[in-house]
Amino acid sequence: MTFQANTADFKATSETNAGLAKGTIVLTLRGEVAVEDLRVGDKVITRDVGAQPLRGLRRHTGESSIVEKDSFGTNRPARDMRVSVAQPFLMRHDGPIFATARLMAQDTHARLKNTPLYCLVFDQSHVIYADGAELAVA
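Since this is a predicted model, take the numbers as computed values, not measurements. (Residues numbered from 1 in each chain as written. Predicted model: local features only at pLDDT ≥ 70, side-chain atom pairs only at ≥ 80, totals over all residues. Heavy atoms only, no water.)

Within the protein chain, the secondary structure is distributed over two helices and twelve strands. Mapped from its N terminus to its C terminus, the protein chain presents α and β elements in the order α-β-β-β-β-β-β-β-β-β-α-β-β-β. Residue burial in the protein chain is summarised as follows: out of 138 residues, 46% are buried. Within the protein chain, residue pairs in contact and separated by at least 24 positions form 57% of the contacts whose partners lie at least 6 positions apart. (Helix = DSSP H or I, 4+ residues; strand = E, 2+ residues; numbered from the N terminus. Buried < 20%, exposed > 50% of the residue type's maximum accessible area, 1.4 Å probe, protein only. Contact = heavy atoms within 4.5 Å.)

Structure follows, in structure tokens:
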């Protein structure tokens, strides 16, 4: 099953504003790697098509929030994680849907402006595993 961006809003948001804060752990073939330690060519584990080569790692600043541990099930995410408020997460209830961190973050006081963020770049959109959660990346 492939989970690809299929709406203009999702694609535009994930390409320009999404991102993971320093310290976020991404699942790769070389194990769990902090996002800031990823390198072009690393094979990142995706939910949709297995390990895929990372084509780029774009750094930018933006508004971020904390998504709390266990927000969408046991160990999903496995710990509190800071991400862009525009970062799409895969939610699986009655079917696959995407929701942004802005909608899921419980504490609006935990938002920070101008947070350094990392955006993973692949050949196409994928769902990756970060801190035990499933995140969409374009």
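For the rest of this paragraph, the subject is the pairing of strand β11 (residues 126-130). Burial of β11 is extensive: four of the five residues sit out of reach of the surface. From the end of β11 to the start of strand β12 (residues 133-137), which pair antiparallel, there are two residues, and Asp131 there has a positive phi angle of about 50°. (Pairing = 2+ DSSP bridges.)

Bringing the pattern of salt bridges into the picture now. Within this structure, the stated rule accounts for six salt bridges. Residue Asp70 pairs with Lys69 through a salt bridge whose shortest N-O separation is 3.5 Å. The shortest N-O distance in the salt bridge between Glu134 and Arg76 comes to 3.2 Å. Pair noted here: Glu134 is in strand β12 and Arg76 is in the loop between β6 (56-67) and β7 (81-84), with a separation of 58 residues, a long-range link. Overlapping salt bridges bring together Arg47, Arg76 and Glu134 as one network. (Salt bridge = Lys/Arg side-chain N within 4 Å of Asp/Glu carboxyl O.)

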